[in-house]
Amino acid sequence: MRYIEPHAHMVSRTMDDYQALAMAGCRAVCEPAFWAGFDRSSVAGFYDYFCQLTEYEPKRAAKYHIAHFSWICINPKEAEDPAFAREVIQLIPQFLHKENVLGVGEIGLNKNSKNEAAIFQEQVQLALDHDQLILIHTPHLEDKLKGTKLTIDMLRQFPQLDPGRVMIDHVEEHTIQQVLDAGFWAGITLYPESKCTPPRAVDMLERFGDTNRLWMNSACDWGVSDPLALPKAILELRKRGFDEAAIDRFVYQNPLKFIQQSGVIWEW
Ligand SMILES: [Zn+2]
């Protein structure tokens, strides 16, 4: 079985995790820029982080023959100080045209605040200005439905935006339909505690499985999360009777189709 892990925060994982991913059939990981568990105190902290994502992490992944791609942005949790966030945004273009960068992400809303919304919209514009793909984080449970609606409403303010180049991640049963109906891609995140378990994810695939605009990911980071959540979902798919061609589409071809729109070159 081959698969792509389309959302993993590998800077917070060990080499053991890379080894386990490789042994489970992972061919590529995609790593969005995110909150590091604490607020960075300087713009230079973000510069170093973007270098780590684009220069150092691909070398770690390569030790296990896994391709590594990244997304660059300032995340919503650190967007509450717009002046600071705008200084970080000025750093982003120099990273966007690196050969292993997929686009701008994961941007979005966390607490659905005004400042988050402003910085989100500015980064959507940045992505459009530089012809980049967009990866969107949707808020946690209590704010998810409202935050997803707000996100889609804001995206509709950009008439030149192609929804086929936007992934809205962390969808759940109550948000997936509106994301797909609006023409965007939808990401299902598999988490041991919050977010979605593999059986719930497969329930969603059974209901919405015709779509070619879906991917699943572990979103593993420094918190309680499981870098092998995707192989566990593959087992669940087999148990439910999905054939190997359908599984390959969900866990390999779909993510590949989305990321290839960025123009990244991956020799496989
Ligand atoms: Zn994430």
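Higher on the page you've got the structure.
Quick caveat, the model's predicted, so the values are computed rather than measured.

K.L.:
Please give an account of unusual backbone geometry that cites residues and values.
P.N.:
Where the residue is not glycine, phi is negative for most of them; where a peptide bond is considered, it is trans in most cases. Between Gly 105 and Glu 106 the backbone carries a cis peptide bond, its omega angle lying at -5 degrees. Of note, Glu 106 is situated in strand E4 (residues 101-108). Positive phi values are uncommon outside glycine, yet His 65 reaches one of about 60 degrees. Positionally, His 65 belongs in the loop between helix H2 (43-62) and strand E3 (67-72). Phi is positive for His 170, which is not a glycine, with a value near 65 degrees. Note on placement: His 170 falls in the loop between strand E6 (166-168) and helix H7 (176-181).

K.L.:
Could you give an account of the sheet that holds strand E1 (residues 3-5), with specific residues and numbers?
P.N.:
Ordered by their spatial adjacency, eight strands build an open sheet running E1-E2-E3-E4-E5-E6-E7-E8, and the pairing between neighbours is parallel. If you trace the sheet from one side to the other, it starts and ends with E1 and strand E8 (214-217), each paired once. Between one strand axis and the next, the sheet turns by 25 degrees as a mean value, whatever way the strands run. The pairing of E4 with strand E5 (residues 133-137) spans four bridges and is classified as parallel. Opposite Gly 103, over in E5, you have Leu 133 as the bridge partner. Across the sheet, helix H10 (residues 244-260) touches E1, strand E2 (26-32), E3, E4, E6, strand E7 (185-189) and E8, and the angle it forms with E8 is around 110 degrees.

K.L.:
Account for the packing of H2 against helix H3 (residues 82-91), naming residues and giving values.
P.N.:
Pairs of packed helices are described in terms of their axes, by the angle between the two and the distance that separates them. One can describe the packing of H2 onto H3 by two numbers: an axis separation of 9 Å at closest approach and a directional angle of 35 degrees. Here the hand of the crossing between H2 and H3 comes out right-handed. Seen from H2, the contacting residues are Val 43, Phe 46, Tyr 47 and Phe 50; seen from H3, they are Glu 87, Val 88 and Leu 91. When the residues that make up the contact of H2 with H3 are grouped by side-chain class, the tally is six nonpolar, no polar and one charged.

K.L.:
Mind laying out the packing of helix H8 (residues 198-208) against helix H9 (residues 229-239), listing which residues take part and the relevant values?
P.N.:
The interhelical angle for the contact between H8 and H9, taken along N-to-C directions, is 55 degrees, at an axis separation of 9 Å. Here H8 is positioned oblique relative to H9, judged by the angle of their axes. Judged by the sense of rotation from one axis to the other, the crossing of H8 with H9 is right-handed. Two secondary-structure elements touch here, H8 through Pro 198, Pro 199, Ala 201 and Val 202 and H9 through Ala 229, Lys 232, Ala 233, Glu 236 and Leu 237.

Cut-offs applied
Residues numbered from 1 in each chain as written. Predicted model: local features only at pLDDT ≥ 70, side-chain atom pairs only at ≥ 80, totals over all residues. Helix = DSSP H or I, 4+ residues; strand = E, 2+ residues; numbered from the N terminus. Pairing = 2+ DSSP bridges. Axes fitted to C-alpha atoms, helices over the stretch in contact; angles between N-to-C directions. Contact = placed C-beta atoms within 7 Å. Left-handed = near helix turned anticlockwise from the far one by under 90°. Nonpolar A, V, L, I, M, F, W, Y, C, P; charged D, E, K, R; others polar. Parallel < 35°, antiparallel > 145°, perpendicular 65-115°, else oblique.

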